[in-house]
Amino acid sequence: MPDLDKIVSLAKRRGFIFPSFEIYGGSAGFFDYGPHGLTLKNNVKQIWWKQFVSGREDVYGIDSVIVTKKEVFEASGHARGFADMLTECEKCQRRFRVDHLADTKKCPECGGKLGEARQFYMMLETHIGAAEDEASLAYLRPETAQGIFTNFKNIVDSFHPSLPFGIAQIGKAFRNEIAPRDFLFRLREIEQMEVEYFIKPGDWKESFEMWRKEMQKFIASLGIDTNKIFELEIEEADRAHYSKRTIDFEFDFPFGKKELYGLAYRTDYDLSAHEKASGADLRYTDPESGDKFIPHVIEPSLGIDRTILAILCSAYVEDELGKEKRVFLKLKPQIAPVKVAVFPLVSNKENIVSKARELYKNLKEKISGVAWDDNGNIGKRYRRQDEIGTPWCVTIDYQTLEDKTVTVRDRDTGEQIRKKEKELEKYFSDKLS
Ligand code: ATP
(Lines give C-alpha, C1' and ligand atoms only; values in the text may rest on other atoms or scores of the structure.)
Protein backbone atom coordinates (compact mmCIF):
# COMPACT_ATOMS: atom_id res chain seq x y z
CA MET A 1 0.00 0.00 0.00
CA PRO A 2 1.59 3.32 -1.02
CA ASP A 3 2.06 5.97 1.60
CA LEU A 4 -0.38 8.86 1.10
CA ASP A 5 2.33 11.45 1.86
CA LYS A 6 4.43 10.13 -1.02
CA ILE A 7 1.51 10.46 -3.42
CA VAL A 8 0.71 13.98 -2.19
CA SER A 9 4.32 14.99 -2.63
CA LEU A 10 4.67 13.47 -6.11
CA ALA A 11 1.39 15.10 -7.18
CA LYS A 12 2.71 18.51 -6.13
CA ARG A 13 6.29 18.08 -7.33
CA ARG A 14 5.23 16.92 -10.77
CA GLY A 15 2.43 19.41 -11.37
CA PHE A 16 -0.67 17.29 -10.83
CA ILE A 17 -2.28 18.78 -7.74
CA PHE A 18 -1.44 21.81 -5.63
CA PRO A 19 -2.91 22.93 -2.30
CA SER A 20 -5.10 25.96 -3.10
CA PHE A 21 -3.96 29.45 -2.03
CA GLU A 22 -0.79 27.98 -0.61
CA ILE A 23 1.03 31.31 -0.64
CA TYR A 24 -1.64 32.47 1.83
CA GLY A 25 -1.29 29.41 4.03
CA GLY A 26 -3.76 27.19 2.14
CA SER A 27 -7.24 26.19 3.24
CA ALA A 28 -8.32 22.69 4.30
CA GLY A 29 -10.40 20.86 1.72
CA PHE A 30 -9.32 22.87 -1.32
CA PHE A 31 -6.91 21.69 -4.01
CA ASP A 32 -6.09 23.03 -7.48
CA TYR A 33 -5.27 20.84 -10.46
CA GLY A 34 -2.03 21.66 -12.26
CA PRO A 35 -1.37 20.90 -15.96
CA HIS A 36 -0.89 17.13 -15.59
CA GLY A 37 -3.70 16.74 -13.04
CA LEU A 38 -6.06 18.68 -15.29
CA THR A 39 -5.22 16.52 -18.30
CA LEU A 40 -5.64 13.34 -16.26
CA LYS A 41 -8.99 14.65 -14.98
CA ASN A 42 -10.14 15.60 -18.49
CA ASN A 43 -9.19 12.15 -19.78
CA VAL A 44 -11.26 10.53 -17.01
CA LYS A 45 -14.22 12.80 -17.75
CA GLN A 46 -14.05 11.99 -21.46
CA ILE A 47 -14.05 8.24 -20.79
CA TRP A 48 -17.00 8.65 -18.43
CA TRP A 49 -18.92 10.84 -20.87
CA LYS A 50 -18.40 8.37 -23.69
CA GLN A 51 -19.48 5.38 -21.62
CA PHE A 52 -22.36 6.97 -19.67
CA VAL A 53 -23.66 9.56 -22.13
CA SER A 54 -22.53 9.90 -25.75
CA GLY A 55 -21.95 6.18 -26.33
CA ARG A 56 -25.56 5.43 -25.34
CA GLU A 57 -28.83 6.27 -27.01
CA ASP A 58 -30.85 6.85 -23.87
CA VAL A 59 -28.89 9.46 -21.89
CA TYR A 60 -29.05 13.24 -22.42
CA GLY A 61 -26.20 15.46 -21.26
CA ILE A 62 -26.78 18.85 -19.65
CA ASP A 63 -24.79 21.52 -17.81
CA SER A 64 -26.87 23.28 -15.14
CA VAL A 65 -25.91 26.22 -12.90
CA ILE A 66 -24.06 25.95 -9.60
CA VAL A 67 -25.72 28.85 -7.74
CA THR A 68 -29.15 27.53 -6.92
CA LYS A 69 -32.35 29.16 -5.66
CA LYS A 70 -33.08 28.12 -2.10
CA GLU A 71 -36.51 26.78 -3.11
CA VAL A 72 -34.79 23.89 -4.93
CA PHE A 73 -32.99 22.66 -1.83
CA GLU A 74 -35.94 23.34 0.43
CA ALA A 75 -37.98 21.01 -1.79
CA SER A 76 -35.26 18.36 -2.10
CA GLY A 77 -34.84 18.21 1.67
CA HIS A 78 -31.22 19.34 1.66
CA ALA A 79 -31.94 22.65 3.43
CA ARG A 80 -33.22 20.69 6.44
CA GLY A 81 -31.47 17.37 5.98
CA PHE A 82 -28.02 17.96 4.51
CA ALA A 83 -26.33 18.09 7.86
CA ASP A 84 -23.90 16.06 9.91
CA MET A 85 -23.71 15.79 13.67
CA LEU A 86 -20.72 17.74 14.89
CA THR A 87 -18.88 17.76 18.18
CA GLU A 88 -16.10 20.02 19.37
CA CYS A 89 -13.29 19.24 21.79
CA GLU A 90 -13.49 21.51 24.80
CA LYS A 91 -9.71 21.44 25.19
CA CYS A 92 -8.20 21.74 21.69
CA GLN A 93 -11.33 23.07 19.91
CA ARG A 94 -10.96 20.58 17.04
CA ARG A 95 -14.22 19.57 15.40
CA PHE A 96 -15.27 16.03 14.47
CA ARG A 97 -18.11 14.29 12.72
CA VAL A 98 -19.83 12.19 15.37
CA ASP A 99 -20.35 9.29 12.93
CA HIS A 100 -16.55 9.14 12.37
CA LEU A 101 -15.73 8.70 16.06
CA ALA A 102 -15.27 5.41 17.87
CA ASP A 103 -15.64 7.13 21.26
CA THR A 104 -17.99 10.14 21.24
CA LYS A 105 -16.87 11.34 24.70
CA LYS A 106 -13.11 11.68 24.25
CA CYS A 107 -11.16 13.75 21.68
CA PRO A 108 -9.15 11.39 19.41
CA GLU A 109 -6.45 14.06 19.03
CA CYS A 110 -5.76 15.33 22.56
CA GLY A 111 -7.95 13.17 24.83
CA GLY A 112 -9.98 16.20 25.97
CA LYS A 113 -13.71 16.13 26.66
CA LEU A 114 -15.98 16.35 23.62
CA GLY A 115 -18.92 18.75 23.78
CA GLU A 116 -22.63 18.19 23.05
CA ALA A 117 -23.29 16.95 19.53
CA ARG A 118 -25.16 19.44 17.33
CA GLN A 119 -26.35 19.62 13.76
CA PHE A 120 -24.06 21.26 11.26
CA TYR A 121 -25.51 22.30 7.91
CA MET A 122 -23.15 21.55 5.08
CA MET A 123 -24.35 23.71 2.20
CA LEU A 124 -22.36 26.79 1.32
CA GLU A 125 -24.51 29.88 1.16
CA THR A 126 -24.46 32.93 -1.04
CA HIS A 127 -26.89 35.68 -2.05
CA ILE A 128 -28.38 36.52 -5.41
CA GLY A 129 -28.48 40.26 -6.06
CA ALA A 130 -27.53 43.22 -3.89
CA ALA A 131 -29.60 42.58 -0.77
CA GLU A 132 -28.13 40.10 1.68
CA ASP A 133 -31.29 38.96 3.37
CA GLU A 134 -33.32 35.81 3.80
CA ALA A 135 -35.16 36.41 0.51
CA SER A 136 -31.94 36.53 -1.56
CA LEU A 137 -30.38 33.49 0.10
CA ALA A 138 -29.07 30.89 -2.37
CA TYR A 139 -26.85 27.84 -2.14
CA LEU A 140 -23.87 26.47 -4.00
CA ARG A 141 -25.24 23.05 -4.95
CA PRO A 142 -23.96 20.14 -2.82
CA GLU A 143 -24.66 17.66 -5.66
CA THR A 144 -25.26 18.05 -9.38
CA ALA A 145 -28.40 15.89 -9.21
CA GLN A 146 -30.91 18.64 -8.37
CA GLY A 147 -29.99 20.56 -11.53
CA ILE A 148 -31.02 17.43 -13.41
CA PHE A 149 -34.37 17.10 -11.64
CA THR A 150 -35.20 20.76 -12.26
CA ASN A 151 -34.51 20.18 -15.98
CA PHE A 152 -36.52 16.95 -16.22
CA LYS A 153 -39.55 18.69 -17.77
CA ASN A 154 -37.37 20.58 -20.26
CA ILE A 155 -35.83 17.38 -21.55
CA VAL A 156 -39.20 15.65 -21.77
CA ASP A 157 -40.77 18.62 -23.60
CA SER A 158 -37.87 19.08 -26.06
CA PHE A 159 -36.86 15.49 -26.77
CA HIS A 160 -39.95 13.39 -25.93
CA PRO A 161 -37.87 10.46 -24.68
CA SER A 162 -39.57 7.26 -23.60
CA LEU A 163 -38.71 5.50 -20.38
CA PRO A 164 -36.18 4.41 -19.43
CA PHE A 165 -33.92 7.37 -20.16
CA GLY A 166 -31.26 9.30 -18.28
CA ILE A 167 -30.05 12.85 -17.84
CA ALA A 168 -26.40 13.29 -16.97
CA GLN A 169 -23.97 16.00 -16.07
CA ILE A 170 -20.46 16.64 -14.92
CA GLY A 171 -19.96 19.60 -12.65
CA LYS A 172 -18.77 21.18 -9.45
CA ALA A 173 -20.47 20.69 -6.10
CA PHE A 174 -19.72 22.20 -2.70
CA ARG A 175 -19.89 20.79 0.80
CA ASN A 176 -18.79 22.61 3.91
CA GLU A 177 -17.28 19.42 5.34
CA ILE A 178 -16.64 19.50 9.08
CA ALA A 179 -13.32 17.73 8.84
CA PRO A 180 -11.81 17.84 5.34
CA ARG A 181 -8.86 15.47 5.15
CA ASP A 182 -6.96 12.77 3.32
CA PHE A 183 -5.90 14.84 0.30
CA LEU A 184 -8.55 14.60 -2.45
CA PHE A 185 -10.78 12.30 -0.44
CA ARG A 186 -12.76 14.79 1.61
CA LEU A 187 -12.88 18.17 -0.07
CA ARG A 188 -15.11 21.20 0.25
CA GLU A 189 -15.19 21.87 -3.49
CA ILE A 190 -15.63 18.72 -5.58
CA GLU A 191 -16.56 17.65 -9.06
CA GLN A 192 -19.13 14.96 -9.74
CA MET A 193 -20.27 12.87 -12.68
CA GLU A 194 -23.89 11.89 -12.19
CA VAL A 195 -26.70 10.23 -14.09
CA GLU A 196 -30.32 10.30 -13.03
CA TYR A 197 -31.87 7.38 -14.86
CA PHE A 198 -35.66 7.60 -15.04
CA ILE A 199 -37.57 4.32 -15.02
CA LYS A 200 -40.93 2.70 -14.53
CA PRO A 201 -41.15 1.79 -10.81
CA GLY A 202 -41.36 -1.94 -11.54
CA ASP A 203 -38.07 -1.90 -13.45
CA TRP A 204 -35.84 -0.60 -10.69
CA LYS A 205 -34.01 -3.84 -9.86
CA GLU A 206 -33.00 -4.46 -13.46
CA SER A 207 -31.78 -0.88 -13.95
CA PHE A 208 -29.91 -0.96 -10.67
CA GLU A 209 -28.01 -4.06 -11.83
CA MET A 210 -27.35 -2.52 -15.26
CA TRP A 211 -25.74 0.59 -13.70
CA ARG A 212 -23.83 -1.50 -11.19
CA LYS A 213 -22.19 -3.32 -14.10
CA GLU A 214 -21.49 -0.04 -15.91
CA MET A 215 -19.76 1.30 -12.81
CA GLN A 216 -17.65 -1.87 -12.51
CA LYS A 217 -16.67 -1.54 -16.16
CA PHE A 218 -15.77 2.13 -15.74
CA ILE A 219 -13.58 1.41 -12.70
CA ALA A 220 -11.69 -1.31 -14.57
CA SER A 221 -11.29 0.86 -17.68
CA LEU A 222 -9.39 3.48 -15.66
CA GLY A 223 -6.87 0.98 -14.33
CA ILE A 224 -8.09 1.36 -10.73
CA ASP A 225 -6.98 -1.73 -8.81
CA THR A 226 -10.14 -3.86 -8.82
CA ASN A 227 -8.76 -6.04 -6.00
CA LYS A 228 -9.18 -2.97 -3.80
CA ILE A 229 -12.80 -2.36 -4.76
CA PHE A 230 -15.55 -3.54 -2.43
CA GLU A 231 -19.28 -3.21 -2.97
CA LEU A 232 -21.03 -2.46 0.27
CA GLU A 233 -24.77 -2.74 0.74
CA ILE A 234 -25.85 0.20 2.90
CA GLU A 235 -28.25 -0.54 5.76
CA GLU A 236 -31.50 1.39 5.82
CA ALA A 237 -30.51 3.43 8.87
CA ASP A 238 -27.37 4.69 7.12
CA ARG A 239 -28.94 5.50 3.75
CA ALA A 240 -29.63 9.04 2.56
CA HIS A 241 -33.16 10.31 3.23
CA TYR A 242 -34.24 9.69 -0.37
CA SER A 243 -32.80 6.22 -0.96
CA LYS A 244 -34.49 2.79 -0.92
CA ARG A 245 -31.33 0.94 -1.83
CA THR A 246 -27.71 2.10 -1.92
CA ILE A 247 -24.49 0.36 -2.75
CA ASP A 248 -21.24 2.10 -1.97
CA PHE A 249 -18.29 1.19 -4.15
CA GLU A 250 -15.49 1.35 -1.62
CA PHE A 251 -11.81 1.59 -2.42
CA ASP A 252 -9.04 0.51 -0.11
CA PHE A 253 -7.26 3.88 0.22
CA PRO A 254 -4.02 4.18 2.24
CA PHE A 255 -6.15 5.55 5.11
CA GLY A 256 -8.72 2.71 4.98
CA LYS A 257 -11.64 1.34 3.01
CA LYS A 258 -13.84 4.29 2.11
CA GLU A 259 -16.58 5.26 -0.34
CA LEU A 260 -15.40 5.92 -3.85
CA TYR A 261 -18.81 6.01 -5.59
CA GLY A 262 -22.46 5.53 -4.73
CA LEU A 263 -25.28 3.83 -6.59
CA ALA A 264 -28.72 4.68 -5.25
CA TYR A 265 -32.35 3.95 -5.95
CA ARG A 266 -33.84 7.39 -5.26
CA THR A 267 -37.44 6.27 -5.95
CA ASP A 268 -39.71 9.15 -7.07
CA TYR A 269 -38.63 11.17 -4.05
CA ASP A 270 -37.03 14.13 -5.84
CA LEU A 271 -39.44 14.62 -8.73
CA SER A 272 -42.44 14.28 -6.40
CA ALA A 273 -40.94 16.79 -3.99
CA HIS A 274 -40.28 19.28 -6.81
CA GLU A 275 -43.74 18.77 -8.24
CA LYS A 276 -45.29 19.48 -4.87
CA ALA A 277 -43.14 22.53 -4.14
CA SER A 278 -43.17 24.12 -7.61
CA GLY A 279 -46.67 23.24 -8.75
CA ALA A 280 -45.28 22.12 -12.13
CA ASP A 281 -46.63 18.88 -13.59
CA LEU A 282 -43.62 16.55 -13.57
CA ARG A 283 -45.48 13.42 -14.55
CA TYR A 284 -44.53 11.30 -17.50
CA THR A 285 -47.22 10.14 -19.90
CA ASP A 286 -46.88 6.55 -21.04
CA PRO A 287 -47.22 6.70 -24.85
CA GLU A 288 -49.03 3.36 -25.03
CA SER A 289 -51.43 3.37 -22.11
CA GLY A 290 -51.70 7.15 -21.66
CA ASP A 291 -51.07 6.66 -17.91
CA LYS A 292 -49.47 9.57 -16.12
CA PHE A 293 -47.01 8.95 -13.30
CA ILE A 294 -43.82 10.23 -11.70
CA PRO A 295 -40.87 8.12 -12.89
CA HIS A 296 -38.54 6.51 -10.38
CA VAL A 297 -34.78 7.07 -10.46
CA ILE A 298 -31.56 5.09 -10.32
CA GLU A 299 -28.52 7.25 -9.66
CA PRO A 300 -24.89 6.31 -10.27
CA SER A 301 -22.95 9.11 -8.58
CA LEU A 302 -19.20 9.34 -9.11
CA GLY A 303 -16.81 11.85 -7.57
CA ILE A 304 -13.98 12.84 -9.87
CA ASP A 305 -11.52 13.82 -7.16
CA ARG A 306 -11.84 10.47 -5.38
CA THR A 307 -11.42 8.84 -8.80
CA ILE A 308 -8.14 10.69 -9.32
CA LEU A 309 -6.98 9.66 -5.85
CA ALA A 310 -7.87 5.99 -6.47
CA ILE A 311 -6.04 6.14 -9.81
CA LEU A 312 -2.92 7.62 -8.21
CA CYS A 313 -3.01 5.06 -5.37
CA SER A 314 -3.40 2.21 -7.89
CA ALA A 315 -0.68 3.48 -10.21
CA TYR A 316 2.04 4.46 -7.72
CA VAL A 317 4.93 1.99 -7.96
CA GLU A 318 8.38 1.95 -6.39
CA ASP A 319 10.81 -0.48 -8.00
CA GLU A 320 14.38 -0.91 -9.14
CA LEU A 321 15.45 -0.41 -12.72
CA GLY A 322 19.06 -0.89 -13.82
CA LYS A 323 20.02 -1.26 -10.12
CA GLU A 324 18.56 2.16 -9.37
CA LYS A 325 15.50 2.83 -7.25
CA ARG A 326 12.76 4.62 -9.06
CA VAL A 327 9.17 5.77 -8.62
CA PHE A 328 6.72 5.59 -11.44
CA LEU A 329 3.02 5.92 -12.14
CA LYS A 330 1.77 2.88 -13.94
CA LEU A 331 -1.11 4.78 -15.53
CA LYS A 332 -3.15 3.26 -18.32
CA PRO A 333 -1.88 4.90 -21.52
CA GLN A 334 -5.45 6.05 -22.30
CA ILE A 335 -5.56 8.27 -19.21
CA ALA A 336 -1.89 9.26 -18.89
CA PRO A 337 -1.49 13.06 -19.23
CA VAL A 338 1.54 12.59 -21.49
CA LYS A 339 1.43 9.58 -23.80
CA VAL A 340 4.68 10.09 -25.66
CA ALA A 341 7.66 12.26 -24.69
CA VAL A 342 10.07 13.14 -27.48
CA PHE A 343 13.75 13.82 -26.66
CA PRO A 344 16.77 14.84 -28.65
CA LEU A 345 19.64 12.68 -27.31
CA VAL A 346 21.71 15.81 -26.80
CA SER A 347 20.44 19.35 -26.71
CA ASN A 348 23.48 21.07 -28.19
CA LYS A 349 23.65 19.40 -31.62
CA GLU A 350 21.61 21.45 -34.05
CA ASN A 351 20.90 18.62 -36.52
CA ILE A 352 19.64 16.28 -33.81
CA VAL A 353 17.52 18.95 -32.14
CA SER A 354 15.90 20.07 -35.39
CA LYS A 355 15.18 16.46 -36.43
CA ALA A 356 13.64 15.82 -33.02
CA ARG A 357 11.53 19.01 -33.24
CA GLU A 358 10.24 17.97 -36.65
CA LEU A 359 9.28 14.51 -35.43
CA TYR A 360 7.71 15.97 -32.27
CA LYS A 361 5.56 18.41 -34.26
CA ASN A 362 4.37 15.70 -36.65
CA LEU A 363 3.43 13.32 -33.84
CA LYS A 364 1.77 16.09 -31.80
CA GLU A 365 -0.56 16.88 -34.69
CA LYS A 366 -1.72 13.28 -34.91
CA ILE A 367 -1.76 12.11 -31.28
CA SER A 368 -2.96 14.05 -28.27
CA GLY A 369 -0.59 14.06 -25.29
CA VAL A 370 2.80 14.36 -27.00
CA ALA A 371 5.39 16.35 -25.03
CA TRP A 372 8.86 17.72 -25.67
CA ASP A 373 11.62 17.25 -23.12
CA ASP A 374 15.23 18.34 -23.50
CA ASN A 375 15.92 19.26 -19.91
CA GLY A 376 18.87 17.56 -18.19
CA ASN A 377 20.42 14.27 -19.27
CA ILE A 378 18.47 11.33 -20.67
CA GLY A 379 18.43 9.50 -17.33
CA LYS A 380 16.82 12.49 -15.60
CA ARG A 381 14.27 12.81 -18.36
CA TYR A 382 13.29 9.14 -18.02
CA ARG A 383 12.88 9.56 -14.24
CA ARG A 384 10.71 12.63 -14.73
CA GLN A 385 8.52 10.98 -17.37
CA ASP A 386 8.23 7.82 -15.24
CA GLU A 387 6.99 9.91 -12.34
CA ILE A 388 4.21 11.46 -14.41
CA GLY A 389 3.33 8.08 -15.91
CA THR A 390 4.38 8.67 -19.54
CA PRO A 391 4.14 5.22 -21.16
CA TRP A 392 6.66 5.84 -23.98
CA CYS A 393 9.73 8.01 -24.55
CA VAL A 394 11.10 8.49 -28.05
CA THR A 395 14.74 9.49 -28.45
CA ILE A 396 16.25 10.94 -31.59
CA ASP A 397 19.99 10.19 -31.79
CA TYR A 398 22.90 10.10 -34.25
CA GLN A 399 21.61 6.91 -35.83
CA THR A 400 18.27 8.62 -36.60
CA LEU A 401 20.09 10.98 -38.96
CA GLU A 402 21.49 8.00 -40.85
CA ASP A 403 18.72 5.40 -40.97
CA LYS A 404 15.54 7.27 -39.85
CA THR A 405 15.00 5.05 -36.82
CA VAL A 406 14.44 6.17 -33.23
CA THR A 407 14.45 4.46 -29.85
CA VAL A 408 11.16 3.86 -28.10
CA ARG A 409 11.49 3.20 -24.40
CA ASP A 410 8.78 1.44 -22.43
CA ARG A 411 7.95 2.93 -19.00
CA ASP A 412 7.12 -0.31 -17.20
CA THR A 413 10.04 -2.45 -18.32
CA GLY A 414 12.59 0.20 -19.27
CA GLU A 415 13.17 -1.76 -22.47
CA GLN A 416 14.19 0.12 -25.59
CA ILE A 417 13.45 -0.89 -29.15
CA ARG A 418 14.32 0.79 -32.43
CA LYS A 419 11.42 1.80 -34.61
CA LYS A 420 11.19 3.38 -38.01
CA GLU A 421 10.27 7.03 -37.76
CA LYS A 422 7.41 6.67 -40.22
CA GLU A 423 5.88 3.79 -38.26
CA LEU A 424 5.59 5.69 -35.01
CA GLU A 425 2.18 7.23 -35.48
CA LYS A 426 0.51 3.91 -36.23
CA TYR A 427 2.49 2.15 -33.50
CA PHE A 428 1.21 4.56 -30.81
CA SER A 429 -2.30 4.94 -32.23
CA ASP A 430 -2.74 1.15 -32.14
CA LYS A 431 -1.59 1.01 -28.54
CA LEU A 432 -3.91 3.83 -27.54
CA SER A 433 -7.04 2.52 -29.23
P1 ATP B 1 -19.33 10.48 2.50
O2 ATP B 1 -20.19 9.47 3.21
O3 ATP B 1 -17.91 10.02 2.27
O4 ATP B 1 -19.42 11.86 3.10
P5 ATP B 1 -21.47 10.86 0.69
O6 ATP B 1 -22.20 9.58 0.90
O7 ATP B 1 -21.98 12.10 1.34
O8 ATP B 1 -19.92 10.64 1.03
P9 ATP B 1 -22.54 11.23 -1.89
O10 ATP B 1 -23.49 12.26 -1.40
O11 ATP B 1 -23.05 9.89 -2.22
O12 ATP B 1 -21.35 11.09 -0.85
O13 ATP B 1 -21.72 11.86 -3.11
C14 ATP B 1 -21.50 11.18 -4.30
C15 ATP B 1 -20.02 11.06 -4.59
O16 ATP B 1 -19.39 12.35 -4.55
C17 ATP B 1 -19.25 10.23 -3.58
O18 ATP B 1 -19.35 8.86 -3.88
C19 ATP B 1 -17.84 10.75 -3.77
O20 ATP B 1 -17.23 10.16 -4.90
C21 ATP B 1 -18.07 12.22 -4.05
N22 ATP B 1 -17.92 13.02 -2.82
C23 ATP B 1 -18.87 13.31 -1.91
N24 ATP B 1 -18.39 14.09 -0.93
C25 ATP B 1 -17.10 14.33 -1.23
C26 ATP B 1 -16.05 15.10 -0.62
N27 ATP B 1 -16.27 15.78 0.49
N28 ATP B 1 -14.83 15.13 -1.22
C29 ATP B 1 -14.61 14.45 -2.37
N30 ATP B 1 -15.55 13.72 -2.98
C31 ATP B 1 -16.79 13.65 -2.44
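Conventions we followed
- Starting afresh in each chain, residues are numbered from 1 along the sequence in its written order.
- Under the rules for a predicted model, residues below a pLDDT of 70 receive no local features and side-chain atom pairs below 80 are neither given nor counted, while totals for whole chains, interfaces and linings still include all residues.
- Side-chain calculation: all heavy atoms of the structure are included, whereas hydrogens and water are not.
- UniProt positions are given in the numbering used here, feature names are shortened, and annotations may be inferred rather than shown by experiment.
- Only strands that DSSP links by at least two bridges are regarded as paired with each other.
- Working definition: helices are DSSP H or I runs of at least four residues, strands are E runs of at least two. Numbering for both runs from the N terminus.
- The axes used here are C-alpha line fits, helices contributing only the stretch in contact, and every angle between their N-to-C directions lies in the interval 0 to 180 degrees.
- By nonpolar core is meant a set of buried Ala, Val, Leu, Ile, Met, Phe, Trp, Tyr and Cys residues that side-chain atoms within 4.5 Å join together.
- Burial classes follow relative accessibility: with a 1.4 Å probe on protein chains only, a residue under 20% of its type's maximum area counts as buried, one over 50% as exposed, and anything between as partly exposed.
- What marks off one domain from the next here is an automatic or database domain assignment.
- Here, residues are in contact when the closest pair of their heavy atoms is within 4.5 Å.

Under the annotation held in an unreviewed UniProt entry, the protein chain carries the name glycine--tRNA ligase. In UniProt, the protein chain has this text filed under Sequence similarities (unreviewed entry): "Belongs to the class-II aminoacyl-tRNA synthetase family."

Asker: Teacher, can you tell me more about the sheet that holds strand E6 (residues 95-97) here?
Answerer: Strand pairing in a sheet relies on backbone hydrogen bonds. The paired strands run either parallel or antiparallel. Taken together, 3 strands build an open sheet; the order of strands is E6-E5-E7 and the sheet is antiparallel. Either end of the sheet is taken by a strand with one partner, and the two such strands are E6 and strand E7 (118-121). Here the average twist between neighbouring strands, direction ignored, is 50°. Here 4 bridges tie strand E5 (residues 83-88) to E7, and the two strands are oriented antiparallel to one another. Bridging across to E7, aspartate 84 finds its partner in phenylalanine 120.

Asker: Before we go on, may I ask you to explain the nonpolar core in this structure?
Answerer: Nonpolar side chains tend toward joint burial in soluble globular proteins. If you look at the biggest cluster of nonpolar residues, it comprises 60 residues, and the most contacted ones within it are Ile17, Trp48, Phe218, Ile224, Tyr261, Ile298 and Ile308. Per-element accounting of this core gives the leading share, 8 residues, to helix H9 (residues 304-315). A domain-level breakdown of this core finds at least three residues from each of domain 1 (4-66 + 144-313) and domain 2 (338-432). Residue contacts for isoleucine 224: discarding those within four places in its chain leaves Ile219, Ile229, Phe251, Leu260, Tyr261, Thr307, Ala310, Ile311 and Ser314. Core analysis: the next-biggest nonpolar cluster, separate from the first, contains 18 residues, Leu163, Ile167, Leu282 and Val297 among them.

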